[in-house]
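# Report on the structure
Residues per chain are reported as follows:
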Amino acid sequence: MMNTMDILKEKLKETGFKITPQRRAIVEILLKHSTEHLSSEEIYDLVRVDCPEIGLATVYRTMQLLDEVGVISKLNLDDGCIRYEISLNKDDCHNHHHLICKNCGKIMEAKEDLLDNIEKEIQELYKFKILDHDVKFYGLCEECSK
């Protein structure tokens, strides 16, 4: 069984790219913080702890590359910056949905995909092949609701 780093290396190799020490450090941060939705700047701050020579431009280029080869998903959570998460199975499943607290900014993931029936109906009605969808729910988290 291949681990996530092996899968990432394989995907990069398939597209003609190597896993440089800087790319490895960035991917390790993404894996270590896989439940968070980090921006490029946050990734940069975290990766500099172990890799102080890395530049912000390298992080931006690496995130763009990882997106192009299909191993991360870009998330626009309407907070003014693009956030990222590891997403190795883009072909196998839809993005999960995000719950965003309007008070504290907390982001939670809803793993369940309850839109399958709606997708089927749209595809039949409009003869439109849906590849994916992105849903964001805005509200108050449990703590802010108190």
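Residues numbered from 1 in each chain as written. Predicted model: local features only at pLDDT ≥ 70, side-chain atom pairs only at ≥ 80, totals over all residues. Heavy atoms only, no water.

Let us look at the packing of helix α2 (residues 21-32) against helix α3 (residues 40-47). Two numbers describe how α2 lies on α3: the axes approach to 10 Å, and their chain directions differ by 105°. The angle between α2 and α3 falls in the class roughly perpendicular. Contacts between α2 and α3 involve Ala25, Ile26, Ile29 and Leu30 on the former and, on the latter, Ile43, Leu46 and Val47. Of the residues belonging to the contact of α2 with α3, the class tally is 7 nonpolar, no polar and no charged. (Axes fitted to C-alpha atoms, helices over the stretch in contact; angles between N-to-C directions. Helix = DSSP H or I, 4+ residues; strand = E, 2+ residues; numbered from the N terminus. Parallel < 35°, antiparallel > 145°, perpendicular 65-115°, else oblique. Contact = heavy atoms within 4.5 Å. Nonpolar A, V, L, I, M, F, W, Y, C, P; charged D, E, K, R; others polar.)

Within the open sheet, the 3 strands sit side by side as β1-β3-β2. Their pairing is antiparallel. The sheet terminates laterally at β1 (38-39) and β2 (72-76), the two strands that pair on one side only. As paired strands, β2 and strand β3 (residues 82-86) are joined by 5 bridges and run antiparallel to one another. Within β3, the residue paired with Leu75 across the bridge is Arg83. (Pairing = 2+ DSSP bridges.)

What follows is about the sheet that holds strand β5 (residues 107-110). Strands in a sheet are paired, the pairing made by backbone hydrogen bonds, and the direction either parallel or antiparallel. Pairing in this open sheet of 3 strands is mixed, and the strands run β5-β4-β6 from one edge to the other. This sheet does not close on itself; its edge strands, each paired only once, are β5 and β6 (136-139). Across this sheet, the average inter-strand angle for adjacent strands is 25°, counted without regard to direction. Looking at chain direction, strand β4 (residues 97-101) and β6 are connected through 4 bridges and run parallel. Residue pairing across strands places Leu99 opposite Phe137, the latter belonging to β6.

This part covers the packing of α2 against helix α4 (residues 56-68). Where α2 meets α4, the closest approach of the two axes is 10 Å, and the angle between their N-to-C directions is 70°. Taken together, the axes of α2 and α4 lie roughly perpendicular to each other. Between α2 and α4, the contacting residues are Gln22, Arg23, Ile26, Val27 and Leu30 on the first element and Thr58, Val59, Thr62, Met63, Leu65 and Leu66 on the second. For the contact of α2 with α4, a count of residues per class yields 7 nonpolar, 3 polar and 1 charged.

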